[in-house]
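An overview of the molecular structure
Each chain, letter by letter, is given below.
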Amino acid sequence: MIWCPDWPVTAAEIVDGVPAAGPVVVLHANRVLACSEAARADGVRRGLRRREAQSRCPQLVVVEHDPGRDARAFEPVVAAVEEVAVGVEVIRPGACALAVRGPARYFGGEEQAAERIVEQVAQACAVESQVGVADGVFAAGLAARAGRIIAPGGTRAFLAGVPVEALDRPELTDLLRRLGVKTLGDFAALPPSDVLTRFGFDGALAHRLAAGYDHRPLAVRQPPPDLDVTETYDEPLERVDVAAFAGRVLAERLHEQLASYGLACTRLGIEAVTADGQELHRVWRHDGTLTSAAIAERVRWQLDGWLTGARRGVQARPTAGLVRLRLIPDGVLVHLGLQPGLWGDTGAERERAHRALSRVQGLLGPEAVVTAVLGGGRSADDQVRLVPWGDERVPARPAAGHADPYPGAGPAPVLAVTDDAAVLPIGGRGQSGGTPSADRAAGGGLRLVHSVTPDSPGSGSTGRPPETPPAPTPTRGPASTREQPVEQAVGQAVGQPVEQAVGQAVGQPVEQAVGQPVGQAVGQPVEQAVGQAVEQAVRQPVGQPEVTGGGRPRRTGRPARKAPALPPWPGRIPKPAPALVLPQPTGAVVLDRHGDPVGVSARLELTGDPASLLVDEAAPAEITGWAGPWPVEERWWAPGETRRRARFQVALADGRAVLLSLAAGHWAVEAIYD
């Protein structure tokens, strides 16, 4: 066992520059975890509270405990020990263990091996350490604190006089003290079966430690194998064919070395040093495991790119020939082989394309070949990120799946006022500009006109559906075949009058059940709340369970589904996604049927129905349908980066569809749909 006294204090000196020669304590949970020799001389001990420690030593320097700092500072010590002996296991920062048999045979004895290790740690790290040798790790740790080497077979006698507090189990040691067991020898003398019955499994493990045994063997740290291959050449390599042949030999050596360990690599680092000291480095990535031929190909491509760079005009040719080549495997994993396809090897064509694109990257740089990765964002122009070919296709801004705007929703009925031919969606206003009750008071009743599917661009907005034939406009007079009173429609759906159906559904009169709770909850008139209840009644008969989008009944009143783990990016444009996103938005003008420009007010109300679209100097295109606006205000907290705009999906008469945006009174075409 190699033990470094007061390691938290030493680590604070190494990392933070705290002078360990003075009075220093390391605190954890407001108690002293470790202290320096000068602090112990003033009466500071482990376990004291901060105020008591400072009262004993007023000039005390207090450092907070940092396990990461202790581990980072201890790594050079472990590396120094591994230079003398292999198979080191780190017990904790400040203590490590190894089997002494090998070093003792090499250096001529256990004492000589211990002196060599202490000297190596002092020279390499300037850290004080002590070595203890015993039959087990626990006993060796206690021997290291005393700087003793216990002879084989004498571990039990060494532990016999050690107090039970050395077990570092406060509850167990307190109980043993009250039972009269004060030393490890007394504890080891107890029958193991009685200890297991009285103290449980943890007590049985402590009993084995007190007897000089370990509960597990050493889990030694195996140093990683050196997989790099390097070759130095007396004559500088200046020709591509000569360098490629040398690189192929290195590639075969690297592949054989990886295969001997049962490994394979997914990334390859190629380093070269010229005759005048110039260093070149490049990393190649591969989707699968690199074979010998794949390694040789990439080495040849890279050397070709370096030695002929001036001819291609991409980068400067090396100032001299190459005198050293080094191949560094990266992304090493256990090679389990590849499963061939049902009709032959998988991805033969893809492999050829990958080699071609990788060669282009070797000649022109990684950014010469890029692929698109879809990520999060609210607009079409900020959801795609270009990454170099071969890099991980991970979005910079993750996003949850793009759900449908109205998942599981069926056709929605549109109600109209028959006296003024104004389409009135439920909860909206008629041409009179008043409430629905005022419109009905003018002499018209709510009538079912037609159904609008939420998938159409006109649904959910003030636009009209682009599908043909266009929606019929209600007229005064008797109802047509597509136009019937809403009470009759609801009555046919539920088999009874609407007031009775709604009243039975909620168990009280419809005005009291719907108007008061809904009106008070959402702050809207009773008529509007009744209109929404009527729409729900039209969509779903009373007495039947609600059916979700998957077709499975779901009771109403259940808690809502959990929110997705990934960000949903509220405010992004709904499906479908555009086929072409323009690099720079193209300016446009949207006019209504009177030829006036269309705008959006602060309340997101259009100043007119879009009727035509003008892009650059092209002829005006008739707008047959539109959906929106979808407003978004991004980075409003940064005045120089804020972006506020409204988006529209517009269908044109010539069959095209575009994504328009309106920002600061200016229209622009952002993307085009197929």
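No experiment lies behind these values; they were computed from the predicted model shown.

**A closer look at the overall build of the protein chain**
- The number of helices and strands found in the protein chain is 20 helices and 25 strands.
- Across the 674 residues of the protein chain, 39% fall into the buried class.
- In the protein chain, the proportion of contacts linking residues at least 24 apart, taken out of those at least 6 apart, comes to 55%.
- When the accessible surface of the protein chain is summed, it comes to about 38,100 Å², and 53% of that surface belongs to carbon and sulfur atoms.

**With respect to the confidence of the model for the protein chain**
- On average, residues of the protein chain carry a pLDDT of 75, and 71% of them reach 70 or more.
- Of all the helices and strands in the protein chain, strand β15 (residues 422-423) carries the lowest mean pLDDT, 36, while strand β7 (residues 130-131) carries the highest, 95.
- Scored below 50 in pLDDT, residues 310-314 makes seven contacts in the model with residues more than four places away or belonging to other chains.

**Quick notes on unusual backbone geometry**
- Geometrically, the link from Gly-628 to Pro-629 is a cis peptide bond, its omega value of -5 degrees lying close to zero.
- Relative to the elements of secondary structure, Pro-629 occurs in strand β22 (residues 621-634).

**A word on the side chain of Arg-69**
- Tracing the backbone shows Arg-69 in helix α4 (residues 67-82).
- Residue Arg-69 is classed as buried on the basis of its relative accessible area of 4%.
- Residue contacts for Arg-69: discarding those within four places in its chain leaves Ala-11, Ala-12, Val-15, Asp-16, Val-26, Val-63 and Glu-64.

**Focus: the pairing of strand β11 (residues 322-334)**
- Note that strand β8 (residues 229-237) and β11 share five bridges and pair antiparallel. If you follow Val-229 over to β11, its bridge partner there is Leu-327.
- Note: strand β9 (residues 263-274) against β11, eleven bridges, orientation antiparallel. Counterpart to Gly-269 in the pairing with β11 is Ile-328.

**Remarks on the sheet that holds strand β25 (residues 666-673)**
- The strand order β20-β21-β22-β23-β24-β25 describes a closed barrel built from six strands, whose pairing is antiparallel. If you compare each strand with its neighbour and ignore which way they point, the axes differ by 45 degrees on average.
- Bridge analysis of strand β23 (residues 643-652) against strand β24 (residues 657-663) gives six bridges, and the strand direction is antiparallel. Paired with Gln-649 across the strands is Leu-659, a residue of β24.

**Remarks on a nonpolar patch on the surface**
- A cluster of nonpolar side chains, Val-370, Leu-374, Val-384 and Leu-386, forms an exposed patch at the surface whose accessible area comes to about 380 Å².
- When you line up the elements, Val-370 lands in strand β12 (residues 370-374).

**Side note on the sheet that holds strand β1 (residues 2-3)**
- The strand order across the open sheet formed by four strands is β5-β6-β1-β7, and the pairing between neighbours is antiparallel. The open sheet has two edge strands, β5 (89-92) and β7, and neither has a second partner.

**Looking at helix α13 (residues 292-307)**
- Between its terminal C-alpha atoms α13 stretches 22 Å, which fits the 22 Å expected from 16 residues at 1.5 Å a residue.
- α13 sits mainly inside the fold: twelve of its 16 residues count as buried.
- Buried within α13 are the following residues: Ala-294, Ile-295, Ala-296, Arg-298, Val-299, Trp-301, Gln-302, Leu-303, Asp-304, Gly-305, Trp-306 and Leu-307.

**Quick notes on helix α6 (residues 110-125)**
- Taking 1.5 Å as the rise per residue, α6 with 16 residues should run 22 Å; its terminal C-alpha atoms sit 22 Å apart, in good agreement.
- Buried within α6 are the following residues: Ala-113, Ala-114, Ile-117, Gln-120, Val-121 and Cys-125. The arc that holds every buried residue of α6, seen down its axis, measures 130 degrees, which confines them to one face.
- Residues of α6 that are buried make contact with β1, α4, α5 (101-107) and β7.
- Remark: Ala-126 follows α6 within two positions and exhibits a positive phi of approximately 55 degrees.

**Describing the packing of helix α1 (residues 7-16) against α4**
- For the pair α1 and α4, the least separation of the axes is 9 Å and the interaxial angle reads 85 degrees. Comparing the axis directions of α1 and α4 gives the class roughly perpendicular. Of the residues in α4, those touching α1 at Trp-7, Pro-8, Ala-11, Ala-12, Ile-14, Val-15 and Asp-16 are Arg-69, Asp-70, Ala-73, Phe-74 and Val-77.
- Grouping the amino acids of the contact of α1 with α4 by side-chain chemistry returns nine nonpolar, no polar and three charged.

**A short note on the packing of aromatic side chains**
- Summed over the entire model, instances satisfying the criterion amount to seven aromatic pairs.
- Arranged with centres 5.0 Å apart and planes meeting at 85 degrees, the rings of Tyr-106 and Phe-107 form a pair that is edge-to-face.
- Taking the centre distance of 6.2 Å and the plane angle of 85 degrees together, the rings of Phe-187 and Phe-199 count as edge-to-face. With a gap of twelve residues between them, Phe-187 in helix α10 (residues 184-188) and Phe-199 in helix α11 (residues 192-210) connect regions that are remote in the sequence. With respect to burial, Phe-187 and Phe-199 carry one shared label: buried.

**Some thoughts on the nonpolar core**
- Counting 30 residues, the largest nonpolar core has Leu-167, Leu-184 and Phe-187 as its most contacted members.
- The set of elements that each furnish at least two residues to this core consists of β6 (95-97), α7 (137-146), α8 (155-160), α9 (170-178), α10 and α11.
- Here the element with the most residues in this core is α7; it accounts for six residues.
- Sequence-distant contacts of Leu-167, defined by excluding residues within four places in its chain, comprise Phe-138, Leu-172, Thr-173, Leu-184, Phe-187, Ala-206 and Leu-209.

**What to know about the packing of helix α12 (residues 240-260) against α13**
- Where α12 contacts α13, the two axes come as close as 8 Å, and the packing angle between them is 150 degrees. For the pair α12 and α13, the sense of crossing is right-handed. For the pair α12 and α13, the contacting residues are Val-240, Ala-243, Ala-244, Gly-247, Arg-248, Ala-251, Glu-252, Leu-254 and His-255 in the first and Ser-292, Ile-295, Ala-296, Val-299, Arg-300, Leu-303, Asp-304 and Leu-307 in the second.
- Of the residues assigned to the contact of α12 with α13, the class counts are ten nonpolar, three polar and four charged.

**Quick notes on the side chain of Ser-129**
- Positionally, Ser-129 belongs in the loop between α6 and β7.
- On the accessibility criterion, Ser-129 (8% relative accessible area) is buried.

**As for the pattern of salt bridges**
- Applying the stated criterion to the full structure yields 17 salt bridges.
- In this structure, Arg-169 engages Asp-202 in a salt bridge whose closest nitrogen and oxygen atoms are separated by 3.1 Å. Pair noted here: Arg-169 is in the loop between α8 and α9 and Asp-202 is in helix α11, with a separation of 33 residues, a long-range link.
- Overlapping salt bridges bring together Asp-6, Glu-37 and Arg-40 as one network.

Rules used throughout
- Residue numbers run consecutively from 1 along every chain, following the written order of its sequence.
- Local features in this predicted model are restricted to residues of pLDDT 70 or higher, and side-chain atom pairs are both shown and tallied only at a pLDDT of 80 or more, whereas totals for entire chains, interfaces and linings draw on every residue.
- For the side-chain quantities, the full set of heavy atoms in the structure was used; hydrogens and water were omitted.
- Note on conventions: DSSP H or I runs of at least 4 residues are helices, E runs of at least 2 residues are strands, and numbering of each starts at the N terminus.
- A simple rule labels every residue: compare its accessible area, found with a 1.4 Å probe on the protein chains alone, to the largest value its type can have, and call it buried under 20%, exposed over 50%, or partly exposed in between.
- In this analysis, two residues are considered to be in contact whenever any of their non-hydrogen atoms come within 4.5 Å of each other.
- Values of accessible area rely on a 1.4 Å probe in the Shrake-Rupley scheme; residue burial ignores everything except the protein chains shown.
- The pLDDT value tells you how sure the predictor is about a given residue, anywhere from 0 up to 100.
- At least two bridges found by DSSP between two strands are what make those strands a pair.
- Note on geometry: axes are lines fitted to C-alpha atoms, helical ones only across the stretch in contact, with angles between N-to-C directions running from 0 to 180 degrees.
- Note on patches: the residues involved have over 30% relative accessible area and no salt bridge, like charges join within 9 Å, and the nonpolar side chains Val, Leu, Ile, Met, Phe, Trp and Tyr join within 5 Å.
- Each salt bridge in this description consists of a side-chain nitrogen of Lys or Arg and a carboxyl oxygen of Asp or Glu lying within 4 Å of one another.
- By this rule the span expected of a helix is its residue count minus one, scaled by 1.5 Å.
- Starting at the helix axis, one direction is taken to each C-beta atom, and the arc is that of these directions.
- Our angle categories are set so that under 35 degrees counts as roughly parallel, over 145 as roughly antiparallel, 65 to 115 as roughly perpendicular, and the remainder as oblique.
- Each residue receives one of three labels: charged for Asp, Glu, Lys and Arg, nonpolar for Ala, Val, Leu, Ile, Met, Phe, Trp, Tyr, Cys and Pro, and polar for the others, Gly being one of them.
- Stacked, edge-to-face and tilted are the three classes for Phe, Tyr and Trp ring pairs, Trp counted by its six-membered ring, which pair at centre distances within 6.5 Å; planes under 30 degrees apart are stacked, over 60 edge-to-face, the rest tilted.
- Nine residue types can take part in a nonpolar core, namely buried Ala, Val, Leu, Ile, Met, Phe, Trp, Tyr and Cys, and a core is a set of them joined through side-chain atoms within 4.5 Å.
- The handedness criterion is simple: a crossing whose near helix is rotated anticlockwise from the far helix by less than a right angle is left-handed, and one whose near helix is rotated clockwise is right-handed.

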